[in-house]
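These are the residues of each chain, in order.
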Amino acid sequence: MSDSRRFLLYTRWPAELANQYRAKGYWRGEPLTAMLARQCELAPDAEAILCGERRFSYRELDAASSRLAGRLARHGLGVGDTALVQLPNVAEFYLVFFALLKAGIAPVNALFSHNRLELVSYAEQIKPRLFIGSLAHGLFASGERHSDLLRVIGAELVLLDGDAGELGLAHWLSDLARSEALALPAHGPTPADEVAFFQLSGGSTGTPKLIPRTHDDYLYSVRRSNEICELGPHTRYLCALPAPHNFPLSSPGALGVFEAGGTVVLAPDPSPISCFPLIARHRVNLTSLVPPAVSLWLQAAEADSAARTQLESLALLQVGGAKLGEAVASKIGPLLGCRLQQVFGMAEGLVNYTRLSDPDEKIIYTQGRPMSPDDEVRILDEAGNPVAPGQPGALHTRGPYTFRGYYQSPAHNARVFDSEGFYCSGDLVVQDAEGYLTVVGRQKDQINRGGEKIAAEEVENQLLHHPAITHAALVSMPDSAMGEKSCAFIVSTDPALKPLALRKFLRERGVADFKLPDRFEALDALPMTAVGKIDKQGLRARIAHAIAANQPLTTA
Ligand code: AMP
Ligand code: DBH
């Protein structure tokens, strides 16, 4: 049957490197679903997922995902097909993920915070035959299967979580049809060196880009993460960040936990009020957070010693997604009673960890070092030459789990990859003598709002749809809680234009809430650099100065 398979096109690693990665045992030719099969042999009744009052053993996770895979296959879906999925932090996220992999269907797992624009953009890129969404999301709350949005997404099969009918996700996951011969799909999963799924890029361009991840490269990143973070069957991991995010999915995240035979506990969000009782109740010993959530946890623990008692079982807190300040980092041990691990990763690949046995000066002041001996890192100056040791420069990397090209984006790929296949992440870093990286800035036109990435161009394009706006520039501004927030500088023909109305306008256009500018500033004209580009550095300086002086911006 293999000749009938239509694999998705993606940019492969050159054969020479691929052979090296295989020879070194990084790529083992094994699908991501192998972790379930293995646990079903080792300890089928061990708890894999705890979600509210529901518990799923490895046997149940495996069986439910196989049932869904089998049904999708009988529906005619399989290798070469894609799915768009948008689920909150519920067990179904993993059941569906494994089902799609088993069937050879490559998903894009959109964030639950994504809105119409992101869903439409992903759908345009992958042309999904299947959409799996949730009635818990405002966009689908009505359960209306013929909505404009679903028409635009264009999937022929739509399954909604929370819908009790025959097209409800629960029905497709259930074992109602025990009598049917529910053989696994004949053709899935895809071979290990083909696309398993698409990861989301934080992005810096007008359209959110997709990152093809293969079974081989992703599973290696998970296994290697497990070694460094010492996961095992004893691991009880709280997934409090959005489940599809690369960090809680693979660093080592939920997949690391399944690979190790541990337990994933799902939290709806990272707030102390959601997480602390779950940690106490389920004896959670590992979790991962973005820096703003860490600050909330510290406040809660400081204010209330009972809250601290709830964290007794927590042994390791991983922090990443955005730069963790040293002051916050050094409070984690004393106030939360656990160890800290900094994680500097990207959905495109490269992940850096501080090691569990590192001295405090590394754990508190650096973002760790690359996890694989075969991660190649170059720190380059603006002319593309290596910087002197200890000097800041742009991070370039390639390796056994760093992708080689965004999906269907040749022009953008030409800009962000060099001739040797090194990916330029857009981060400015300093590397110390032992290879540890400290993130000191950013080149890419992106705002990192407490770990949530906003591509400036995407929001600017939406602002320019407003009839009164002639120019727009989105820049970051410092914020004590979030690290950064976004400020939109606009030139408009309507002096009475209010932030409230502008946010409403953007929301109605389908912009996700976290991308709505936190502040608007009207100017007569945007400042330009000598080469005729918008002077964003100047704008950032102006807004930072206004905030520091606690004064309104003087429009000059
Ligand atoms: P994404 O493209 O959404 O996967 O985001 C990856 C980017 O997040 C990196 O390129 C960094 O800019 C940022 N990032 C992730 N972890 C950290 C960290 N620990 N410290 C600073 N920046 C980080
Ligand atoms: O921010 C990220 O994308 C990120 C952070 C930590 C990531 O992808 C990861 C670890 O794997």
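None of the values given here were measured: they were computed from a predicted structure.

Student: Got a sec to walk through the site of ligand 1? Specific residues and values, please.
Tutor: In the region of ligand 1, 17 residues are neighbours, and V343, A347, D427, K444 and K453 sit closest. Between ligand 1 and A322, the relevant distance is 3.4 Å, taken from a nitrogen atom to a main-chain nitrogen or oxygen of the residue. In this structure, K453 approaches ligand 1 through a side-chain N or O atom, which is 3.2 Å from an oxygen atom. Protein contacts shield 94% of the accessible area of ligand 1, which totals 510 Å² for the unbound molecule.

Student: Describe in detail the sheet that holds strand β16 (residues 376-380), supporting the description with residues and values.
Tutor: As summarised here, the arrangement of the four strands in space is β16-β17-β18-β19, forming an open sheet in which the pairing is antiparallel. Of all the strands in the sheet, the pair left with one neighbour each is β16 and β19 (437-442). Taken over all neighbouring pairs, the strand axes of this sheet differ in orientation by 45° on average, direction set aside. Pairing of strand β17 (residues 393-398) with strand β18 (residues 423-431), which is carried by four bridges, proceeds in the antiparallel orientation. When the sheet's bridge partners are listed, A394 is paired in β18 with L428.

Student: Tell me about the domain arrangement of the chain, residues and numbers included.
Tutor: Looking at the assigned domains, one finds that the chain contains domain 1 (3-38 + 53-210) and domain 2 (448-548). Taking only C-alpha atoms, the centre of domain 1 and the centre of domain 2 are 35 Å apart. With 12 residues of domain 1 at the contact, the number on the domain 2 side is 15 residues. Summed over both partners, the interface of domain 1 with domain 2 buries about 1,000 Å², with 49% contributed by carbon and sulfur atoms. It is N115, L117 and G206 in domain 1 that bury the most area against domain 2; as a group they hold 40% of the surface buried on that side. Seen at the junction of domain 1 and domain 2, the total is one salt bridge. The salt bridge involving K515 is made with E118; its shortest N-O contact spans 2.5 Å.

Student: Kindly report on helix α17 (residues 456-463), identifying the contributing residues and their values.
Tutor: Counting buried residues in α17 gives six out of eight residues, a clear majority hidden from the surface. Of the residues making up α17, those classed as buried are A456, E458, V459, E460, Q462 and L463.

Student: Run through the pattern of salt bridges, naming residues and quoting values.
Tutor: According to the stated counting rule, one finds 33 salt bridges in the structure shown. Taking the shortest distance from any N to any O, the salt bridge between E227 and R224 comes out at 2.5 Å. Taken together, the positions of E227 and R224, both in helix α8 (residues 215-229) and three residues apart, correspond to about one turn of that helix. Owing to a relative accessible area of 54%, E227 belongs among the exposed residues under this scheme. As a salt-bridge pair, E376 and R398 come within 2.8 Å of each other at their nearest N and O atoms. Of this pair, E376 sits in strand β16 while R398 sits in strand β17; the two residues are 22 residues apart in sequence, bridging distant segments of the chain. Taken together, the shared-partner salt bridges in this structure form one network comprising R6, D81, R129 and E156.

Student: How would you sum up the sheet that holds strand β2 (residues 54-57)? Please name residues and give values.
Tutor: Sheet strands associate in pairs through backbone hydrogen bonding, adopting either a parallel or an antiparallel arrangement. Taken together, the nine strands give an open sheet; going across it, the order is β2-β1-β10-β9-β11-β12-β13-β14-β15, and neighbouring strands pair in mixed fashion. A single partner strand is all that each edge strand has here, and the edge strands are β2 and β15 (369-370). Alignment of strand β14 (residues 349-353) against β15, held across two bridges, turns out to be antiparallel. Residue pairing for β15: N352 is matched across the bridge by P370. The sheet strands contacting helix α3 (residues 58-74) are β1 (47-51) and β2, and the helix crosses β2 at an angle near 85°. Sheet strands touched by helix α12 (residues 291-303): β11 (286-289) and β12 (316-320). Its angle to β11, the strand with the most contacts, is close to 120°.

Student: Break down helix α1 (residues 15-23) for me, with residues and values.
Tutor: Regarding α1, the residues found buried are L17, A18 and Y21. One side of α1 carries all its buried residues, which in axial view fall inside an arc of 100°. Exposed side chains of α1 directed beyond 90 degrees from the buried face belong to A15, E16 and A23. Buried residues belonging to α1 abut β17. One or two steps after α1, the chain reaches G25, where phi turns positive at roughly 80°.

Student: Any details on the site of ligand 2? Residues and values, ideally.
Tutor: For ligand 2, the full set of nearby residues is H245, N246, F247, S251, G321, V343, G345, M346, A347, V351 and K453. N246 is positioned with one of its side-chain polar atoms (N or O) 3.0 Å from an oxygen atom of ligand 2. With respect to ligand 2, the backbone of M346 contributes an N or O atom lying 3.3 Å from an oxygen atom. If you list the elements that add at least two residues to the shell around ligand 2, you get α9 (246-250) and β13 (339-346).

Student: Tell me about the packing of aromatic side chains, and please be specific about residues and values.
Tutor: One pass over the full model with this rule turns up 21 aromatic pairs. By way of ring pairs, the aromatic residues Y58, F93, Y94, F97, F98, F197, Y218 and F258 are connected into one cluster. Geometry around F422 places R378 over its ring, the cationic atom sitting 3.9 Å from the centre.

Student: Before we move on, could you go through the packing of helix α2 (residues 34-42) against helix α10 (residues 253-260) and cite the residues and values that matter?
Tutor: In a packed pair of helices, the relevant descriptors are the angle between the two axes and the axis-to-axis distance. Two elements in contact, α2 and α10, have axes whose closest approach is 8 Å; the angle formed by their N-to-C orientations is 35°. Contacts from M35, R38 and Q39 in α2 reach L255, F258, E259 and A260 in α10. Among the residues making up the contact of α2 with α10, the classes are represented as four nonpolar, one polar and two charged.

Student: I'd like to hear about empty space enclosed by the protein, residue by residue, with values.
Tutor: Per the stated rule, a full pass over the model turns up three cavities of 30 Å³ or more. In this structure, the largest cavity occupies an estimated 40 Å³ of space. Every residue along the wall of the largest cavity is listed here: F7, L8, G80, G104, A106, T190, E194 and V195. Its residues assigned to classes, the lining of the largest cavity comprises four nonpolar, three polar and one charged.

About the thresholds
Residues numbered from 1 in each chain as written. Chains lettered and ligands numbered in written order. Predicted model: local features only at pLDDT ≥ 70, side-chain atom pairs only at ≥ 80, totals over all residues. Heavy atoms only, no water. Near = heavy atom within 4 Å. Polar contact = N/O pair within 3.5 Å; in protein donor to acceptor, adjacent residues only side chain to side chain. Areas by Shrake-Rupley, 256 points an atom, 1.4 Å probe, with all protein chains shown as cover. Pairing = 2+ DSSP bridges. Helix = DSSP H or I, 4+ residues; strand = E, 2+ residues; numbered from the N terminus. Axes fitted to C-alpha atoms, helices over the stretch in contact; angles between N-to-C directions. Domains from an automatic or database assignment. Contact = heavy atoms within 4.5 Å. Buried area = accessible area lost by both parts, 1.4 Å probe. Salt bridge = Lys/Arg side-chain N within 4 Å of Asp/Glu carboxyl O. Buried < 20%, exposed > 50% of the residue type's maximum accessible area, 1.4 Å probe, protein only. Arc of directions from axis to C-beta. Phe/Tyr/Trp six-rings, centres within 6.5 Å; stacked < 30°, edge-to-face > 60°. Lys NZ or Arg CZ within 6 Å of the ring centre and 35° of its normal. Nonpolar A, V, L, I, M, F, W, Y, C, P; charged D, E, K, R; others polar. 1 Å grid on protein atoms, 1.4 Å probe; cavity = no way out; pocket = protein on both sides within 12 Å on 5 of 7 lines; lining within 4 Å. Points joined across faces, edges and corners; volume = space filled by probe spheres on them.

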